Amino acid sequence: MARATPEVGTRIGGRYRLAELMRDYDGIAFWHATDEMLARPVGIYLIPEDHDLAEAVVAAAQAAANIDDPRFVRILDAVRTDQVVHVIQEWIPTARPVRVVLAEEGPLGPADAQVMITEAAEALSVAHEAGLAHLRLQPNTVLITPAGQVKIFGLCVEAALHGTSAVDPARADTRGLARVLYAMLTAKWPEGEAFGLPAAPYENGAICTPRQVRAGVPDAVDSIVDRVLNPRPRAGSPLRTPAELAAAIRKVPHRTPSPPPAKPSAPRTFAPPTPSAASGPSWRPSNATRGAQIGVAFVLALGLSLLGWQIARAIGSGSGSNSDATGADTLQTIPIADVIDFDPAPGGDQTENPEQAPLAVDGKADTTWHTNRYRTATFNKSKPGVGLVLDLGHAQVVRQVKLLLPVAGTWFQIRAAGASASTAPTDLDSYLVLSSADNAPAEDTLRFAYATNTRFILIWLTRLPKDPSGGGYRSGISEVTVSG
């Protein structure tokens, strides 16, 4: 594999001088560099041409480059030279990731957060209209300029770099926006401790709304967050697309934030983003004071370079509980304390090969908990399904379930009981649906659109494939892994 991390000072593509390595992950490097042809700073991803992700990253960069919206950090070029793929992007030295703003200044005012996320949601609506998605909207990839402009980092590219995908990209990005809004309002993260933020609290298995965490959040904004993040909103219908989220927030009356004050030492306030505004400062020295202003310009340029270094560090730094650059893909396996067969009434006799249940979590792919054999794929008229309940020992934040099945073609749901449940519920309605798969392959991984705090996970089989070893229909679970 070609070396993707050359030394400082290397000139790339005949024009880009590498200044500092900001991030090096899985053979992919991100550099701060100078475009010597245009005398401007840029960011560059360097990826070996034979890297597994090279083609996907180039395709993602080329797609993102077609989006002409100033609220996205622009992709400037994507080329191959010397067996290395180079993705060049805009460098905005004055912008800070949301995680840095929250760490340094605490939660934003509700009006500021409302303006920020509205702009971000409308920008994502533009991307989705063009068939593109971000899929990694987080406090590291949503940036804020001193003037209050939103800049979204990594459209398409961050997802390609991390192999992130979604069955419903619009809903995934809507949840990402709502999670960032939640963080802006509360300085807490609704998926457990991450990005340097403490975990948001839960109540009865549902995320506490921002207003429950911090006084002063308007009821209407509180309701909008709830309509996105909770599977059963307390009021209103779920919001599933960035356009729906933007429209809902636009209807909420709000105070227009004041323009930022001239003095750098004054308290921060955000102004509504102006799409035509420049991303960096400019100056023109007068004839009378040219020498002095050149000195000032040098100091400003040095300051901007340092700020640019800080933003790249912030984007590439760990998130606290996670070790990768975005803090969302490094999952921890959660031990399973117990496993119980689940065959509830009506329709079931409350037992489904209980002696085999431990085989689904014994770490062996060749041992299996099997369902009974049924005459039809859908069990019988009064029986909607069967499954296994996993006891995690205590309530924990769960993000993903991986299943190894004895045969392809099973339909199933992943459900969870409320966080307050101390014993496994015996009725199906006590478990909320987190994800589902129809006609699943023999090995399937379901990453939830939102993290869930729970002790009990139900793997609920709703349709069975034909049993290849005999007549009828049967499935089962050979191995299950829960991660958070």
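Criteria and cut-off values
- Residues numbered from 1 in each chain as written.
- Predicted model: local features only at pLDDT ≥ 70, side-chain atom pairs only at ≥ 80, totals over all residues.
- Heavy atoms only, no water.
- Phe/Tyr/Trp six-rings, centres within 6.5 Å; stacked < 30°, edge-to-face > 60°.
- Helix = DSSP H or I, 4+ residues; strand = E, 2+ residues; numbered from the N terminus.
- Buried < 20%, exposed > 50% of the residue type's maximum accessible area, 1.4 Å probe, protein only.
- Axes fitted to C-alpha atoms, helices over the stretch in contact; angles between N-to-C directions.
- Parallel < 35°, antiparallel > 145°, perpendicular 65-115°, else oblique.
- Left-handed = near helix turned anticlockwise from the far one by under 90°.
- Contact = heavy atoms within 4.5 Å.
- Nonpolar A, V, L, I, M, F, W, Y, C, P; charged D, E, K, R; others polar.
- Salt bridge = Lys/Arg side-chain N within 4 Å of Asp/Glu carboxyl O.
- Pairing = 2+ DSSP bridges.

Notes on the packing of aromatic side chains
Under the criterion given, the structure shown has 7 aromatic pairs. With a centroid separation of 6.4 Å and 20 degrees between ring planes, the pair formed by Phe30 and Trp91 is classed as stacked. Here the residue Phe30 occupies a position in strand E3 (residues 28-35), and Trp91 occupies one in the loop between strand E6 (84-90) and strand E7 (96-97), the gap between them amounting to 61 residues. Look at Trp91 and you get buried, because its relative accessible area is 9%. With a centroid separation of 5.6 Å and an interplanar angle of 75 degrees, the aromatic rings of Phe342 and Tyr431 are classed as edge-to-face. With Phe342 in strand E12 (residues 338-342) and Tyr431 in strand E16 (residues 431-440), this residue pair connects regions lying 89 residues apart in the sequence. Under the relative-accessibility criterion, Phe342 is labelled buried at 5%.

Digging into the packing of helix H5 (residues 169-186) against helix H7 (residues 219-229)
Packing of H5 against H7 brings their axes to within 9 Å, and their N-to-C directions diverge by 140 degrees. Judged by the inter-axis angle, H5 sits oblique to H7. Considering how the two elements wind past one another, H5 and H7 form a crossing that is left-handed. For the pair H5 and H7, contact is made by Thr174, Arg175, Ala178, Arg179, Leu181, Tyr182 and Leu185 and by Val221, Val225, Val228 and Leu229, respectively. Counted by class, the contact of H5 with H7 contains 8 nonpolar, 1 polar and 2 charged residues.

Topic: helix H2 (residues 98-105)
Within H2, the full set of buried residues consists of Val98, Arg99, Val100, Val101 and Leu102. Just downstream of H2 lies Gly106, where phi reads positive at about 80 degrees.

With respect to H7
Burial runs high along H7: 8 of the 11 residues are buried. Looking only at H7, the buried set comprises Val221, Asp222, Ile224, Val225, Asp226, Arg227, Val228 and Leu229.

Comments concerning the pattern of salt bridges
Side chains carrying opposite charge are able to pair once their charged atoms draw close together. Within this structure, the stated rule accounts for 22 salt bridges. Measuring nitrogen to oxygen at the nearest pair gives 2.8 Å for the salt bridge that ties Arg455 to Asp391. Note that Arg455 is positioned in strand E17 (residues 443-463) and Asp391 in strand E14 (residues 386-404), a separation of 64 residues in sequence. Residue Glu443 pairs with Lys402 through a salt bridge whose shortest N-O separation is 3.3 Å. Taken together, the residues span a long stretch of sequence, with Glu443 in strand E17 and Lys402 in strand E14 at a distance of 41 residues. In this structure Glu443 comes out as partly exposed when scored by relative accessible area, which is 47%. Connected through shared salt-bridge partners, Asp69, Arg71, Glu119, Glu122 and Arg250 make up one network.

Topic: the sheet that holds strand E2 (residues 16-25)
The strand order across the open sheet built from 6 strands is E1-E2-E3-E4-E6-E5, with neighbouring strands paired in antiparallel fashion. Either end of the sheet is taken by a strand with one partner, and the two such strands are strand E1 (11-12) and strand E5 (75-81). Relative to E6, strand E4 (residues 40-48) is paired through 7 bridges, and the arrangement is antiparallel. The residue of E6 that forms the bridge with Tyr45 is Val87.

Details of the packing of helix H3 (residues 110-129) against H5
For the pair H3 and H5, the least separation of the axes is 10 Å and the interaxial angle reads 165 degrees. When the interaxial angle is binned, H3 and H5 end up roughly antiparallel. Seen from above, H3 lies across H5 with right-handed handedness. Contact residues: H3 offers Pro110, Ala113, Met116, Ile117, Ala120, Ala121, Leu124 and His128, while H5 offers Pro169, Ala170, Asp173, Leu177, Val180, Leu181, Met184 and Leu185. Taken together, the residues of the contact of H3 with H5 sort by class into 14 nonpolar, 1 polar and 1 charged.

Considering the pairing of E3
Judged by how many residues are buried, E3 sits mostly within the fold: 7 of 8 residues are covered. Here E2 pairs with E3 via 8 bridges, running antiparallel. Paired with Arg23 across the strands is Phe30, a residue of E3. Between E2 and E3, which pair antiparallel one after the other, the connecting turn spans 2 residues, and Asp26 there sits at a positive phi close to 55 degrees.

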